[in-house]
Each structure stands twice: as structure tokens, then as C-alpha cells.
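Given next are the chains, with one letter for each unit.
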Amino acid sequence: MTVMQHTPSTSGALIDFSAHASSLEVRDFALRYGDKPALSNLTLRVPRHRVTAFIGPSGCGKSTLLRALNRLHDLNESVSREGSIHLEGQDIHAPEMMVAELRRRVGMVFQVPNPFPMSIYDNVAFGLRLQGRMPKRRVDDVVEWALRSAALWDEVKDRLRASAWSLSGGQQQRLVIARTLAVGPEVLLLDEPASALDPISSLKVEELIRNLKSTLTLVLVTHNMQQAARVSDYTAFLQDGELVEYGPTDTLFTNPRLARTENYITGRMA
Ligand SMILES: Nc1ncnc2c1ncn2[C@@H]1O[C@H](COP(=O)(O)OP(=O)(O)OP(=O)(O)O)[C@@H](O)[C@H]1O
């Protein structure tokens, strides 16, 4: 039986969730910076072990929503919010949800690669060491596994003690992904992860994203329509802080339900 979820609000969101359970669920979520609304009336589910892209014009709230998913707004005192966000059914703002644990489970990768000023090995081992003492052999194994998972091992296995800053931009971004993977996240949030990279490095990161979904749920913010079409299974189109349309990427790009979506993806709206 096919179960369709029609999200409340005026959005054109219609997704068949019968095949996959959701990993994250955003319910009636709103966020303001001071007096200025950035997100309103947002309800959506992020399917588990799939890639979901957030697209929309500059300033529509894509990054704000992504950051809300691992509570990166917590330290911004001007931010107020309503509604809730759930990770595997748990309210991420509940008192028992430790923010460090949330961020281990929901990792974040930013536009500009941000390796720490230390060796390649130490970058990947960093989060593991924060979790407590672990035998060196075990750390070695996890570092190798994370670098292999990030498709970087073959390029760095002979220079693990070299500075992370000696890597190219594309390699640095894959190193940051390896660092995030090493602590065993369930969800990876990617905020324009390839937009600062050259085309070949960008394609490598895209391939990596596609491969990682066998074990992870991925959420990708991108301005690049071709990238969203190549990489994602589902796409959410936001405008003015609202969810306009959300559905399977193929359908959204080839047969959008709403004119606003079509205008955006065909480039009639910046
Ligand atoms: N820290 C902040 N303080 C105040 N306003 C902010 C802050 N961050 C974002 N905004 C505002 O919130 C709105 C949404 O911004 P956001 O960065 O989420 O949009 P976006 O869709 O990711 O944009 P872009 O594609 O340009 O990165 C914009 O009007 C922006 O100016």
C-alpha cells in the first residue's frame, strides 16, 4: 500500500514515505532573527538513508534550516523559535538531549573546508579522542576506515603525519567529511560542500555523497540545480522562509506542481 504524506501548510509537498522511514522530522517550525522571520510554518520529513536537497533563492532560509537541524543557532541570543525538530523520534531541544551528542549524531560540513591546524591523521582522530581514551590500534583502524569512507585513503595513506593544510581544497573537504564520519554520525548536513571547489573535486564530493547514503542520511544545501538533480533523491524548494514544494527530485525537476517552483528551477527567478 502506498502511504502519501501531505504536509500541512500551503506547500505542494507530497512525498511517498512508504519506502523509507524518516530520520529527521521538522514540525511546524519557525525561526526569527530578532524581529525578522527567517523560517515559518515548516513541516517536513527527511527520509533515512537518502539524500535530500534544500534549494531556493538566496536568503530563503536554506542554511538557517540546515543549522537548526543540529542546533547551531543555540549561541545566537537573537534567535527565537517555535515548533519542534525530531531525530529518530527524539525532540532535539528536549532537556535530555545533550548538544554535543546531537552534533555527533548529526554532523555538519560547511562550504569552505575547515581542517584543523594539525596532521591529516590528527584531524580524523580528533573527535574520537574527545570521546575518551581509546587504544592506539583502534584509533588507527577508525582513521583508516573514515578516510576510506571519504574516498581519501589512497591519496593520503603515505603522508598521514603531513599537515592537513598541505592538501588541495577538494582533499581538505573530503578530510573534513572523514573527520565527521569518524565519530559515527547518523546524519550528515552539507552546506554547499562543493561550491568552493574546482569541477573535478566537486564531482568527487558528489560521488562521495551518493555513496555515503548506503549508511547515512544526507541533507544538502545547494545553489547548483544540476548538482541537486545529480545527487539528491528528494528536493525541498524554499522561498521566503517557507516550504513551497517538496518531492522526489525527478518529479520536482521535470514536473513541478507549482509555477513558483518551475520559475525557480528554469532560472526565471534568481
Ligand atoms: N545570523 C543572522 N542574523 C540575522 N539574520 C540572519 C542571520 N543569518 C541569516 N539571516 C537572515 O535570514 C534569512 C535567511 O538566511 P539564510 O542564510 O538561511 O538563507 P540561504 O537561503 O541559506 O541564503 P544563501 O543561499 O544566500 O546562503 C536572510 O534574510 C538572512 O539575511
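Procedures and definitions
Once a new chain begins, its residue numbering starts again from 1 and follows that chain's sequence as written. Local features in a predicted model are, by the rule used here, given only for residues with pLDDT of at least 70; side-chain atom pairs are given and counted only at 80 or more, and totals for whole chains, interfaces and linings are based on all residues. Only heavy atoms go into the side-chain values, all of them from the structure, while hydrogens and water stay out. Under the DSSP-based scheme used, a helix requires at least four consecutive residues in state H or I and a strand at least two consecutive residues in state E, with every element numbered from the N terminus. Computation of the radius of gyration draws on C-alpha atoms, with the globule rule given as 2.2 Å multiplied by the number of residues to the power 0.38. To sort residues, take the accessible area from a 1.4 Å probe on protein chains only and compare it with the maximum for the residue type: under 20% means buried, over 50% means exposed, and anything in between is partly exposed. Residue contacts are counted whenever heavy atoms from the two residues lie within 4.5 Å of one another. Exposure was quantified through the Shrake-Rupley algorithm and a 1.4 Å probe, taking into account, for residues, occlusion by the shown protein chains and nothing else. The charged-residue count follows a simple rule in which Lys and Arg add positive charge and Asp and Glu add negative charge, with His and chain termini not counted at all. All charge positions are set by atom: Lys at NZ, Arg at CZ, Asp at CG, Glu at CD. Stacked, edge-to-face and tilted labels apply to pairs of Phe, Tyr and Trp rings (six-membered ring for Trp) whose centres lie within 6.5 Å, assigned for plane angles under 30 degrees, over 60, and everything in between, in that order. Two limits define a charge over a ring: the Lys NZ or Arg CZ must be within 6 Å of the ring centre, and within 35 degrees of the ring normal. Each reported salt bridge corresponds to a side-chain nitrogen of Lys or Arg within 4 Å of a carboxyl oxygen of Asp or Glu. By this definition, two strands are paired if DSSP reports at least two bridges between them.

Undergrad: How would you summarise the overall build of the chain if you had to cite specific residues and measurements?
TA: Looking only at helices and strands, the chain has ten helices and twelve strands in total. For the chain, the C-alpha radius of gyration of 19 Å lies close to 18 Å, the compact-globule estimate for 270 residues. Dimensions of the chain, computed from C-alpha atoms along their principal axes, come out at roughly 55 × 45 × 45 Å. Looking at the 270 residues of the chain, the share that counts as buried comes to 51%. Long-range contacts, defined here as pairs at least 24 residues apart, represent 66% of the contacts in the chain between residues at least 6 apart. For the chain, the exposed area adds up to about 12,600 Å²; of that, 50% sits on carbon and sulfur atoms. Distance between charge centroids for the chain: 4 Å, based on 31 positive and 30 negative side chains.

Undergrad: Which residues make up the packing of aromatic side chains, and what are the values?
TA: Tallied over the entire structure, the rule returns two aromatic pairs. Ring centres of Phe237 and Tyr264 lie 5.1 Å apart, and the angle between their planes is 20°; this geometry places the pair in the stacked category. Here Phe237 is found in strand E11 (residues 234-239), whereas its partner Tyr264 is found in helix H10 (residues 259-265), with 27 residues between them in sequence. Over the ring of Tyr121 we find Arg161; its NZ or CZ atom is 4.3 Å from the centre of that ring.

Undergrad: Talk me through the pattern of salt bridges; I want residue IDs and the actual numbers.
TA: On inspection of all chains with the given rule, the structure shows 13 salt bridges. Between Arg129 and Asp122 there is a salt bridge; the shortest N-O distance is 2.9 Å. Of the residues examined, Arg129 reaches a relative accessible area of 43% and is grouped as partly exposed.

Undergrad: Quick rundown of the pairing of strand E4 (residues 36-47)? Include the residues and the values.
TA: Bridge analysis of strand E3 (residues 22-33) against E4 gives eight bridges, and the strand direction is antiparallel. Residue pairing across strands places Tyr33 opposite Lys36, the latter belonging to E4. Hairpin connection from E3 to E4: two residues lie between these consecutive antiparallel strands, with Gly34 at a positive phi of about 60°.

Undergrad: Help me get a handle on the pairing of strand E8 (residues 106-109), residues and values and all.
TA: The side-chain alternation of E8 yields two buried faces, one formed by Val106 and Met108 and the other by Gly107 and Val109. Looking at chain direction, E8 and strand E9 (residues 187-191) are connected through four bridges and run parallel. For Met108, the partnering residue across the bridge sits in E9 and is Leu189.

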